[in-house]
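Descriptive structure summary
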Amino acid sequence: MNEKLITTVLLIAVFLMASFVNDSHAQFSEDMPEERYEQAWSLMNRNLAGTVFNNSVNTSWINDHAFYYTVNDRDGMLYYLVDANSQTRELLFDNDSMAELLSIADDDAEINAERLPISIQSVSDDFSEVYFTYSNREWVFDRINGGVGELGSLSDISRPAASVLSPDGRHAAYIQNHNLFVRNMETGEDTQLTTDGEEGFGYATDSQGWSSSARPILYWSADGSMISTYQLDEKDVELMHLLRTADGRPELVSWPYALPGDEHVPMHHRVVINLESGEMVRIQSDPYHQRTSNCCGLTRGAYWADNQFSASGDMLAYVGTSRDYKDVTLKIADTSTGEVREIFHEHDEIFIETNLTSRGVPNWRVLFDSNEFIWFSRQDNWGHLYLHDLNTGELKNQITTGSWNVVDIIHVDEEERRIWFSGVGMDEERDPYQEYYYSISFDGSDLRTYTPDEGNHSVVFSPGFDYLVDTFSDFTTPQVTVLRDHSGEILMELEQADIEDLLATGWRMPVPFSAKARDGVTDVYGVMYLPSDFDENKKYPVVINIYPGPQVGSVGGRSFSPLRRGNTHAIAELGFVVLQIDAFGTPMRSREFHTYYYGDMADNGLPDQKSATIDLAERYSFIDVDRVGMYGHSGGGFATTAALFNHSDFFKVGVAGAGNLDNRGYTFYWGEKFQGQLTVDEDGVDSFENQALQLQAENLGGKLLLSYGTMDNNVHPNMTHLVINELIRHNKDFDLIVLPNRNHGYANENYKMRRTMDYFVKHLMHVNPPKEFSPTN
């Protein structure tokens, strides 16, 4: 099909779909006051940002016992110096004085003392000098004499656009004409590292179908002398197409995008590059699938995941993951010859995860000096660490055990033979999603706890791991930041969050809960949001905000925050009980829990959402289970649509945005991991049909509002079109919003949020919303 025909067909489809809007202004006897919408709008995430103070502490250690930190104080961004040995805390400098000194030094420039335009680089070991950058120049502040001095201009060498800096900051890697280059950030010299890159077979190319950028994907050695990357073969990968709305003719946008079952998918040809010699060495193995050993995407932070150089750079350890995510293999390559040695292989009948958090760093570490490696596995149903022999791959011993999960490896001390890590679920009496910090010996003995206080913890250890700065909180307890010693004892309280301004908005504390899953036995955990004028003697309709996973759940973080996914506080303020529930199929619990509906993604944990809501209603008489709605975006749009198709006896109203409504049309890595490889049985039925919602559209009950962005290059609109077409064929009433030229991230746009509010007010409350409400704030 030529490009002109594709353009014509897609344009006609978009206009036909956009015209099919059935959400007429039904009239009810009651009108919702506009003031109610104004109050709800004031509780949107964007309006609550900045209403909590002293909750965001950013710590930088100066040495083993001293650190400075910044905090969002009511008086502005303040800077503090703390000495753990003496347990003293003082201002690093006075903001007003610093602003005045900078203004004098910079020709009376206007300086905002509350938000000083500086970036601290370091503090001297004796705390007498603070080095920082300001106005593209380097400065020093003398804490003893109270003066500032300019040290010189920053380098005028510009960093290339879309580049990746080496750890030492001396080189910046970038792509040009499908080849990899580096710029020396000290001399400005550009060096071409590869020469044979071409369209469809470029080096370090970030082209993942659902996600792409101009930045190279690579892994630097710690000293910046070596690069691990790949040449991406996507020459035969089929294209995906979108139409950008424009005056006159729309613009066709096409890019490689592999789908489940495709014969040709992106493949990595691994290479390592020595910057000192300029030599590129190809890893001597077959091409690797475009995979990492845990969800999601290829990078963690700035760098390519599943790579580790030895200290000298002569060896590269890496993990290859099979297309179906059932097999992972640890290998070691000689970086001078490209020769590869297979070390260890693990198979999981469902799918592998080497870290249970979305975009967490894979939890494996090679210990080159002791010829061992640490491996994360769920082979006993829980995510634990194992110690293996690097020469043979054989298991030496299991390190962590129990009905709980390791989350992240924080640090490995080979000399002390000790691992610092975070974990969840170790204390059965606490929320199993709250994160705590521990260390343990390689042999599994001497488990130590550093964060004993109940809550969700975020920790920054000192370089020698003798001290830690710990910020902890939960859904109803604002952040407290403390200094602890290596026994976990609190030495100093540093900050306590101030929520006075937040409470003044009418914001109400959420209510955490547990309830029973579909099996009537397993506890699922969630959060309930109530309006500020909540009256327990009234009946409230329920709106569930859902994200089914499988890489994250609906609730999100367990720390205190006024900002929750889905603007839940704002929806609740209209007069709803809003729920978020982490159902079966979401991570951070057992493997069995996480993989519960593998092979039937349309399940989406919906039976658990239903059973938990009913369980809550038996405890709370104000919950009206006869009026239940659901909304979600992306995977949440998929789940919401499935709820209205397959569970409309319970879910009466749904607002579904940008849903991957048939994962045969979504990126191949997603469906092939969580649904399985696409196969066809002897009757011609493929293994993805049970999750294809267009095949279930005839079951629609209740009111459904669909939406999509016409330039969504993550979840393609075609999946929504397929559902729409079947709804029309079955003569089903539904509503639709098409957002021209929006990509995947339109969920919180004012128009979309207002229409979501209107839909629930109208169809769950049976009240007229204000017509075309426009917020004043």
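Preceding this paragraph is the structure being described.
What you see is a predicted model; the values in this text were computed from it and never measured.

**Some points on helix 9 (residues 635-646)**
Given a rise of 1.5 Å per residue, 12 residues ought to cover 16 Å, and the 16 Å separating the end C-alpha atoms of helix 9 matches this to within 8%. Of all the 12 residues making up helix 9, 11 are buried; the element is thus mostly covered by neighbouring parts of the structure. By the burial criterion, the buried members of helix 9 are Gly635, Gly636, Gly637, Phe638, Ala639, Thr640, Thr641, Ala642, Ala643, Leu644 and Phe645. On its buried face, helix 9 sits against helix 8 (606-619), strand 45 (623-633), strand 46 (651-657), strand 47 (703-709) and helix 11 (718-729).

**Some points on helix 4 (residues 95-105)**
Of the residues making up helix 4, those classed as buried are Asn95, Met98, Ala99, Leu102 and Ser103. Burial along helix 4 is one-sided: seen end-on, the buried residues are contained in an arc of 135°. In helix 4, the exposed positions that point more than 90 degrees away from the buried face belong to Asp96, Glu100 and Ile104. Contacts made by the buried residues of helix 4 are with strand 3 (76-83), strand 6 (129-134), strand 7 (137-142) and strand 8 (147-153). A side-chain oxygen of the first residue of helix 4 lies 3.2 Å from the backbone nitrogen of Asp96; this N-cap is Asp94. At the C-terminal side of helix 4, Asp107 shows a positive phi close to 55°.

**Re the packing of aromatic side chains**
Tallying each qualifying case throughout the model produces 40 aromatic pairs. Ring geometry for Phe576 and Phe760: centres 6.3 Å apart, planes at 70°, overall edge-to-face. With Phe576 in the loop between helix 6 (568-573) and strand 44 (577-582) and Phe760 in helix 12 (residues 750-765), this pair connects stretches of sequence that are 184 residues apart. Like Phe760, Phe576 is buried. Taking the centre distance of 4.0 Å and the plane angle of 5° together, the rings of Phe584 and Tyr596 count as stacked. With a gap of 12 residues between them, Phe584 in the loop between strand 44 and helix 7 (591-594) and Tyr596 in the loop between helix 7 and helix 8 connect regions that are remote in the sequence. By relative accessible area, which is 4% here, Phe584 ends up buried. Members of the aromatic cluster, connected to one another through ring pairs, are Trp210, Phe351, Tyr598, Tyr666, Tyr669, Trp670 and Phe674. The ring of Phe668 is capped by Arg291, whose NZ or CZ atom sits 4.3 Å from the centre of that ring.

**Side note on the pairing of strand 17 (residues 226-233)**
In terms of burial, strand 17 is a largely internal element, 7 of the 8 residues being buried. Inspection of the sheet shows strand 13 (residues 201-203) paired to strand 17 by 3 bridges, in the antiparallel sense. Looking at strand 17, one finds that Gly202 is bridged to Leu232. Judged from the 2 bridges that link them, strand 16 (residues 219-220) and strand 17 form a sheet pairing that is antiparallel. Each bridged residue has a counterpart across the sheet, and for Tyr219 the counterpart in strand 17 is Ser228. Hairpin connection between strand 16 and strand 17: a loop of 5 residues separates the two successive antiparallel strands, and Gly224 in this loop has a positive phi of roughly 75°. Bridge count for strand 17 against strand 20 (residues 267-274) is 8 bridges, and the pairing is antiparallel. Bridging from a neighbouring strand, Ser228 pairs with Val272 of strand 20.

**Re the sheet that holds strand 48 (residues 735-739)**
In spatial order, the strands read 41-42-44-43-45-46-47-48; together these 8 strands make up an open sheet with mixed pairing. The outermost strands of the open sheet, each flanked by one partner alone, are strand 41 (511-516) and strand 48. This sheet shows a mean twist of 20° between the axes of neighbouring strands, independent of strand direction. As paired elements, strand 46 and strand 47 share 5 bridges and run parallel to each other. Within the sheet, the bridge partner assigned to Gly657 lies in strand 47 and is Ser707. This element, helix 9, spans strand 45, strand 46 and strand 47 of the sheet and lies at about 150° to strand 46. Here helix 11 sits on the sheet and contacts strand 47 and strand 48; the angle it forms with strand 47, its principal contact strand, is near 145°.

**A word on the pairing of strand 27 (residues 327-334)**
The two faces of a sheet get side chains in turn, since along a regular strand they alternate between them. Within strand 27, 7 of the 8 residues are buried, which leaves the element mostly enclosed by the surrounding structure. Pairing between strand 26 (residues 315-321) and strand 27: 7 bridges, direction antiparallel. Note that in strand 27 the partner of Met315 across the bridge is Asp334. Hairpin connection between strand 26 and strand 27: a loop of 5 residues separates the two successive antiparallel strands, and Tyr325 in this loop has a positive phi of roughly 65°. Relative to strand 28 (residues 340-347), strand 27 runs antiparallel, the two being bridged by 7 bridges. The residue of strand 28 that forms the bridge with Ala333 is Val340. Between strand 27 and strand 28, which pair antiparallel one after the other, the connecting turn spans 5 residues, and Gly338 there sits at a positive phi close to 85°.

Cut-offs and rules
The written sequence of each chain sets the order in which its residues are numbered from 1. Only residues with pLDDT of at least 70 get local features here, since the model is predicted, and only at 80 or more are side-chain atom pairs given and counted; chain-wide, interface and lining totals rely on the full set of residues. Heavy atoms throughout the structure, all of them, feed into the side-chain values; hydrogens and water do not. Each helix corresponds to a stretch of at least 4 residues labelled H or I by DSSP, and each strand to a stretch of at least 2 residues labelled E; elements are numbered beginning at the N terminus. Multiplying one less than the number of residues by 1.5 Å gives the expected span of a helix. Each residue is placed in one exposure class: buried if its accessible area under a 1.4 Å probe, protein chains only, is under 20% of its type's maximum, exposed if it is over 50%, and partly exposed if it falls in between. Contact definition: two residues touch when any of their heavy atoms are within 4.5 Å. The directions considered for the arc are those from the helix axis to the C-beta atoms. Residues adjacent in sequence count toward polar contacts only when both atoms are side-chain atoms; beyond that, a polar contact is any pair of N or O atoms within 3.5 Å, and within protein one must be able to donate a hydrogen and the other to accept it. When the centres of two rings from Phe, Tyr and Trp lie within 6.5 Å, Trp using its six-membered ring, the rings pair. Their planes under 30 degrees apart give stacked, over 60 give edge-to-face, and anything left gives tilted. Cation placement over rings: the criterion is NZ of Lys or CZ of Arg within 6 Å of the ring centroid and within 35° of the ring normal. Note: two strands are recorded as paired if DSSP finds a minimum of 2 bridges between them. Axes, fitted as lines to C-alpha atoms, cover a helix only where it is in contact. Angles between the N-to-C directions of the axes lie from 0 to 180 degrees.

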